[in-house]
Amino acid sequence: MEHHPPRSLTLLILSSDLEKGLAACNLALAALAGERRVTLFFSFWGLNFLKKPGAKGAGSLLARMLGLLNRDHAESQRPGRFNAMGVGRLAMVRLMGRHHVLPVHQGLAMAHQMGAHIVACSNTLQLMGLNRESLIDEVDEIAGALTFLDAADEGTVVTLS
Amino acid sequence: MEHHPPRSLTLLILSSDLEKGLAACNLALAALAGERRVTLFFSFWGLNFLKKPGAKGAGSLLARMLGLLNRDHAESQRPGRFNAMGVGRLAMVRLMGRHHVLPVHQGLAMAHQMGAHIVACSNTLQLMGLNRESLIDEVDEIAGALTFLDAADEGTVVTLS
Amino acid sequence: MEHHPPRSLTLLILSSDLEKGLAACNLALAALAGERRVTLFFSFWGLNFLKKPGAKGAGSLLARMLGLLNRDHAESQRPGRFNAMGVGRLAMVRLMGRHHVLPVHQGLAMAHQMGAHIVACSNTLQLMGLNRESLIDEVDEIAGALTFLDAADEGTVVTLS
């Protein structure tokens with residue numbers, strides 16, 4: 001009898017765009033429902049989805065400067081296109097509510113509860129002057145590229161950049 | 001004698017940028033020429049490549065509002081960068097013509113004819129107030145994330161986001 | 001005794017954003033350190049990472065026009081977000097220096113020296129009026145989509161688009 005290891009989905013999230021976050025949650029939840037192992041690896045602007053509201057880049061002036069430009073966090077939501085000074089965003093968020101699509105931070109929390117492994121990229125976290133305290137509770141691990149590659153080896157990889 | 005299943009390529013297209021559409025067609029056609037099975041899964045703004053010219057988000061005011069912002073369709077083509085109020089776009093489209101690169105809607109039609117399976121994401125379609133009638137004839141299926149994951153399991157996945 | 005082929009990482013780089021270049025180098029170097037085979041395939045705006053400083057699109061007026069819009073090259077570095085007229089860029093480049101993150105062109109050179117295979121997409125190169133002379137020495141091959149697909153078949157694929 002052959003043994004098949006469980007299939008897996010590894011997501012690499014490099015963007016903080018609302019639609020990328022929604023795609024990540026949608027894929028993660030579907031994969032979990034289909035009994036796949038799921039790893040979500042957040043790096044660069046994708047780390048915004050893991051930032052607590054109010055968390056700021058600490059340390060150097062430069063990190064604080066970058067933090068001021070890059071203010072999005074786990075509960076803020078802006079599409080990467082058609083934001084139109086908030087009109088597109090408003091339309092999307094309302095439409096999500098009407099169609100029972102969870103906001104990204106709730107989708108992530110549910111995926112985490114269903115067993116998804118949530119990883120924050122150690123390198124870019126440091127670059128942005130963030131640390132474990134800046135991040136939401138659902139983060140399971142702070143790790144580097146090799147952790148991503150090891151998870152990726154075992155199945156499907158989707159990059160949201 | 002060992003049996004190898006046919007190799008496959010699954011494309012996830014989340015963007016409506018001209019260059020992403022061209023990359024999708026280029027990869028799909030090369031994969032089909034190399035006897036791979038090909039699935040193109042369009043979601044979010046990527047659905048624009050499947051929208052009939054003139055198709056509008058129907059239903060709620062919100063969906064119609066989003067439809068007004070998001071007017072691209074299967075035959076409109078704008079690069080995501082260096083559009084420069086149409087100059088970059090014009091240069092790219094003309095260069096494509098000169099080098100015999102098919103426009104995206106023709107590339108998709110050819111891929112479809114060669115056996116590519118074209119899927120529109122059911123969730124985002126609904127969110128945008130679109131339905132089967134809004135989409136070009138080449139769409140084979142309207143389906144959710146699990147359909148993408150099942151196709152992805154079998155081979156190479158490229159995400160154009 | 002079972003024979004496992006070496007694991008591999010194939011990167012498809014379609015963007016010239018600084019953060020995508022950094023992610024590519026970071027993943028490539030980690031994969032090489034972990035004894036994976038690494039292929040970096042650059043297409044569309046991603047070709048900018050391979051362009052010699054000063055290289056211009058030659059040939060037709062259109063290619064030269066597109067070249068004027070698309071001036072980035074191997075040693076210029078602009079983030080795709082939060083550039084803020086150069087403030088975000090300055091902050092990122094300085095932070096990279098402080099945290100000993102190599103600039104992209106140095107990261108690519110190191111990856112190349114460690115055995116990464118660097119490929120420029122023949123189709124888009126031609127479209128942009130570029131040729132081998134326009135590209136940095138580290139480019140190993142100019143090739144089409146099938147070369148990418150063959151490399152991709154063997155392992156993990158990450159798309160930076």
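Located above this text is the structure these notes cover.
Conventions adopted
- Counting starts from 1 at the beginning of each chain's written sequence and moves along it residue by residue.
- Chain A is the first chain written and ligand 1 is the first ligand written, with later ones labelled in order.
- Given that this is a predicted model, residues contribute local features only at a pLDDT of at least 70 and side-chain atom pairs are listed and counted only at 80 or more, while totals for whole chains, interfaces and linings are drawn from all residues.
- Each side-chain value is derived from all of the structure's non-hydrogen atoms; neither hydrogens nor water enter the calculation.
- Labels follow the DSSP assignment, with helices taken as runs of H or I lasting at least four residues and strands as runs of E lasting at least two, numbered in each case from the N terminus.
- Partly exposed residues are those whose accessible area sits between 20% and 50% of the maximum for their type, while under 20% is buried and over 50% is exposed, using a 1.4 Å probe and protein chains only.
- Working rule for contacts: check all heavy atoms of both residues, and any pair within 4.5 Å makes them a contact.
- Read the arc as the range of directions from the helix axis to the C-beta atoms.
- C-alpha atoms of residues with pLDDT of at least 70 in both copies form the basis for the least-squares superposition of the copies.
- Accessible-area loss on putting two parts together, using a 1.4 Å probe and summing over both, is the definition of buried area adopted here.
- Definition used for salt bridges: Asp or Glu carboxyl oxygen within 4 Å of a side-chain nitrogen of Lys or Arg.
- Amino acid classes used here: Ala, Val, Leu, Ile, Met, Phe, Trp, Tyr, Cys and Pro are nonpolar; Asp, Glu, Lys and Arg are charged; the rest, including Gly, are polar.
- Axis definition: a line fitted to C-alpha atoms, over the contacting stretch in the case of helices. Angles run 0 to 180 degrees between N-to-C directions.
- Working definition: roughly parallel below 35 degrees, roughly antiparallel above 145 degrees, roughly perpendicular at 65 to 115 degrees, and oblique for all remaining angles.

J.: Explain the environment of H99 of chain B residue by residue, including any values.
T.: Considering the arrangement of structural elements, one finds H99 of chain B in the loop between α3 (87-98) and α4 (104-113). By relative accessible area, H99 of chain B is classed as partly exposed at 31%. Ignoring any residue separated from it by four or fewer positions in sequence, one finds H99 of chain B in contact with Q126 and L127 of chain C.

J.: I'd love a proper account of helix α4 (residues 104-113) of chain C, names of residues and values included.
T.: Residue and element names in this part refer to chain C. Of the residues making up α4, those classed as buried are V104, G107, L108 and A111. Angular distribution of buried residues about the axis of α4 spans 100°; they occupy a single face of the element. Immediately beyond the C-terminal end of α4, within one or two residues, lies G115, with a positive phi of roughly 115°.

J.: Go over the relation of the copies chain B and chain A, please, and point to the residues and values.
T.: Aligned on chain A, chain B shows an RMSD of 0.0 Å; the corresponding rotation is 120° and the shift along the axis is 0.0 Å. Taken together, the turn and the small shift mark the pair as related by a three-fold rotation axis. Looking at chain B, a mere 11% of its interface residues are interface residues in chain A too, so the copies touch through different faces.

J.: So what's going on with the interface of chain B and chain A? Which residues, and what values?
T.: Size of an interface: often given as the accessible area lost when the parts come together. Counting from both sides, the interface comprises 28 residues of chain B and, opposite them, 31 residues of chain A. Here chain B meets chain A over a buried area of about 2,600 Å², counting both sides, of which 70% is carbon and sulfur. Sorting the residues of chain B by area buried against chain A places W45, L62 and L127 of chain B first, and these three jointly supply 24% of that buried surface. Taken together, chain B and chain A are joined by 4 salt bridges. Between R36 of chain A and D150 of chain B there is a salt bridge whose closest N-O contact spans 3.2 Å. Where the side of chain B that touches chain A is concerned, the elements lending two or more residues are α2 (61-69), α5 (122-127), α6 (145-152) and β5 (156-160) of chain B. Top contributing element to the side of chain B that touches chain A by residue count: α6 of chain B, with 6 residues. Looking at the side of chain B that touches chain A, its residues break down into 16 nonpolar, 7 polar and 5 charged.

J.: Explain the packing of helix α6 (residues 145-152) of chain A against helix α1 (residues 18-33) of chain C residue by residue, including any values.
T.: Put simply, α6 of chain A and α1 of chain C touch, their axes get as near as 9 Å, and they point 75° apart. One element, α6 of chain A, and the other, α1 of chain C, form an angle in the roughly perpendicular class. Between α6 of chain A and α1 of chain C, the residues in contact are A145, L146, F148 and L149 of chain A and N26, L27, A30 and A31 of chain C, respectively. Of the residues in the contact of α6 of chain A with α1 of chain C, the class split is 7 nonpolar, 1 polar and no charged.

It is worth stressing that arrangement in space is one thing and function is another; only the former is reported here.
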